[in-house]
Amino acid sequence: MALPSSQPSPHDKGLPAPRVAGPQPLRFWRANEITPTHLSVFRTCPYQFRLQYIERVTTPWRYEHTLSQGRIAHGLLADAGRRLQHGATLLRDIQLEERARRAVPVREMPSPEAHDAAVREILEWVAAGIRYLRHDPDGAMLLVEGNQKRAFPGDLRISVSFRPDVVRWSADADGEFIEVIDYKTGKPRVDPCVPVISRFVINPLLEDRLGRSAWGERVRFTYVWLRSNDATSIELDRRTCQKAWAATTDLIERLLAEAAWEPTPSPLCRWCRFYRVACDADDPARTRSPGLLLEGPGDRA
């Protein structure tokens with residue numbers, strides 16, 4: 001599963017190429033750790049990727065309600081996962097509410113009613129996640145929010161990482177399997193890179209725990225959509241992974257080779273933290289024709 005770029009080129013032999021004068025193109029350093037978020041941002045807008053991960057442009061702080069809500073819910077679900085992992089009692093509803101109420105910033109809410117609504121939303125998300133975990137009460141937790149990193153066999157400078165919310169043993173009518181769970185608070189949207197990356201990075205963990213080849217085990221990736229109380233599962237057998245892996249490594253190659261970092265204006269720009277701060281690609285003055293002008297040649301200043 002090595003990247004194509006890791007293979008030696010016949011043109012690499014002989015004298016080194018002469019150094020090119022002038023500024024070198026700006027690229028993403030190969031030794032950086034690549035995450036599914038990196039790939040998602042790059043796919044959405046290369047210029048946003050450049051500002052965020054290469055130039056590391058800072059923007060004025062602003063409260064992002066959806067992001068804050070998601071972090072609080074993930075924190076409470078991680079606590080529930082660890083309690084299940086160690087056989088401890090889950091927090092009662094009143095205790096979850098107390099923690100959520102303390103975590104939601106009061107001064108960022110327009111009213112006490114809005115604060116109460118934010119707390120209720122978090123509790124609904126957490127309840128949906130716990131209900132899913134309880135579908136298989138006997139499932140043994142292997143990992144809770146543990147970042148997994150793995151280098152490519154052909155190029156140890158390049159590595160990918162993924163932080164699953166839960167990895168556990170589970171079972172269905174066809175027998176036991178290992179389930180990788182990823183909680184999502186937004187609208188259901190399956191990222192094709194995430195499941196196969198999760199399989200790539202957890203295989204060494206599984207082989208270490210099981211003492212045998214991980215490809216001999218059934219592995220299932222599950223998105224748990226907390227807002228809609230639903231789930232989407234994807235079987236990660238070798239054939240499925242090989243197909244998705246080709247598309248994922250192609251995207252990684254494009255990221256590592258990118259030098260232009262062109263902006264990609266879209267309706268998503270309004271949710272970008274660089275919008276009208278460090279990027280004006282969506283500015284109508286740049287993206288639209290000025291139309292017929294009142295003044296032109298022949299008019300005195």
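For the structure given in this document, a descriptive report is provided here. (Residues numbered from 1 in each chain as written. Predicted model: local features only at pLDDT ≥ 70, side-chain atom pairs only at ≥ 80, totals over all residues. Heavy atoms only, no water.)

## Side note on the overall build of the protein
Step number 1: On a plain count of helices and strands, the protein comes out with 8 helices and 8 strands.
Step number 2: Counting the 301 residues in the protein, one finds 40% classified as buried.
Step number 3: Looking at the protein alone, contacts between residues at least 24 apart form 66% of all its contacts between residues at least 6 apart.
Step number 4: Accessible area for the protein stands at about 18,300 Å²; split by element, carbon and sulfur atoms hold 52% of it. (Helix = DSSP H or I, 4+ residues; strand = E, 2+ residues; numbered from the N terminus. Buried < 20%, exposed > 50% of the residue type's maximum accessible area, 1.4 Å probe, protein only. Contact = heavy atoms within 4.5 Å. Areas by Shrake-Rupley, 256 points an atom, 1.4 Å probe, with all protein chains shown as cover.)

## Considering the environment of Arg 273
Step number 1: Within the secondary structure layout, Arg 273 lies in the loop between α7 (238–257) and α8 (284–287).
Step number 2: Among the residues examined, Arg 273 registers a relative accessible area of 29% and is labelled partly exposed.
Step number 3: Taking the C-alpha atoms as reference points, Arg 273 and Pro 60, 213 residues apart in sequence, are found 8.8 Å from one another.
Step number 4: Discounting residues that sit within four places of it in the chain, Arg 273 has contacts with Gln 52, Val 57, Thr 59 and Arg 62.
Step number 5: Here Thr 59 takes part through its side chain, which lies 3.3 Å from a polar atom of the side chain of Arg 273. (Polar contact = N/O pair within 3.5 Å; in protein donor to acceptor, adjacent residues only side chain to side chain.)

## Digging into the state of the cysteines
Disulfide: a covalent bond connecting the sulfur atoms of a pair of cysteines.
Step number 1: This structure, assessed with the given rule, holds 0 disulfides.
Step number 2: Here Cys 45 stays unpaired: no disulfide links it, and the sulfur of Cys 279, its closest cysteine neighbor, is 6.2 Å away.
Step number 3: For Cys 272, which is in no disulfide, the shortest distance to another cysteine sulfur is to Cys 279 and amounts to 6.8 Å. (Disulfide = S-S within 2.5 Å.)

## Regarding the pairing of strand β3 (residues 148–152)
Step number 1: Pairing between β3 and strand β4 (residues 155–162): 5 bridges, direction antiparallel. Looking at β4, one finds that Arg 150 is bridged to Val 160.
Step number 2: Hairpin connection from β3 to β4: 2 residues lie between these consecutive antiparallel strands. (Pairing = 2+ DSSP bridges.)

## Details of the packing of helix α4 (residues 93–103) against helix α5 (residues 112–133)
Step number 1: Close contact between α4 and α5 brings their axes to 9 Å; oriented N to C, the two are set at 130 degrees. By the criterion of interaxial angle, the relationship of α4 to α5 is oblique. Taken as a pair, α4 and α5 cross one another with a handedness that is right-handed. Residues Leu 96, Glu 97, Ala 100 and Arg 101 of α4 form the contact with α5, whose participating residues are His 115, Asp 116, Val 119, Ile 122, Leu 123, Val 126 and Ile 130.
Step number 2: Considering only residue class, the contact of α4 with α5 consists of 7 nonpolar, 1 polar and 3 charged. (Axes fitted to C-alpha atoms, helices over the stretch in contact; angles between N-to-C directions. Parallel < 35°, antiparallel > 145°, perpendicular 65-115°, else oblique. Left-handed = near helix turned anticlockwise from the far one by under 90°. Nonpolar A, V, L, I, M, F, W, Y, C, P; charged D, E, K, R; others polar.)

## Points about the pattern of salt bridges
Step number 1: Counted by the stated rule, this structure contains 17 salt bridges.
Step number 2: The partner of Arg 83 in a salt bridge is Asp 79, and the shortest N-O contact between them spans 2.7 Å. Residue Arg 83 and its partner Asp 79 are located together in helix α3 (residues 65–85), separated by 4 residues, close to a single helical turn.
Step number 3: Linking Glu 217 and Arg 212 is a salt bridge whose minimum nitrogen-to-oxygen distance equals 2.6 Å.
Step number 4: Look at Glu 217 and you get buried, because its relative accessible area is 16%.
Step number 5: Counted as one network, the salt bridges with shared partners bring together Asp 172, Arg 218, Arg 220 and Glu 235. (Salt bridge = Lys/Arg side-chain N within 4 Å of Asp/Glu carboxyl O.)

## Considerations on the nonpolar core
Step number 1: Membership of the largest hydrophobic core comes to 39 residues, with the highest contact counts inside it found for Phe 28, Ile 34, Leu 39, Phe 49 and Leu 255.
Step number 2: In terms of residue count, helix α6 (residues 193–210) provides more of this core than any other element does, 9 residues in total.
Step number 3: Other than its neighbours up to four places away in sequence, Leu 255 contacts Phe 28, Ile 34, Leu 39, Phe 42, Phe 49 and Trp 261.
Step number 4: The next biggest cluster of nonpolar side chains, apart from the first, holds 27 residues, and it includes Leu 90, Leu 91, Val 104 and Leu 133. (Core = buried A, V, L, I, M, F, W, Y, C linked by side-chain atoms within 4.5 Å.)

## Some details on the side chain of Gln 148
Step number 1: Secondary-structure assignment places Gln 148 in strand β3.
Step number 2: Judged by its relative accessible area of 14%, Gln 148 is buried.
Step number 3: Once residues within four sequence positions are removed from consideration, Gln 148 is found in contact with Leu 143, Val 160, Ser 161, Phe 162, Pro 164, Val 201, Ile 202 and Leu 205.

## Considering the sheet that holds β4
Step number 1: Reading across the sheet, the 3 strands line up as β1-β4-β3 and stay open at both edges, with mixed pairing between neighbours. In this open sheet, the two edge strands, each paired with only one partner strand, are β1 (33–34) and β3.

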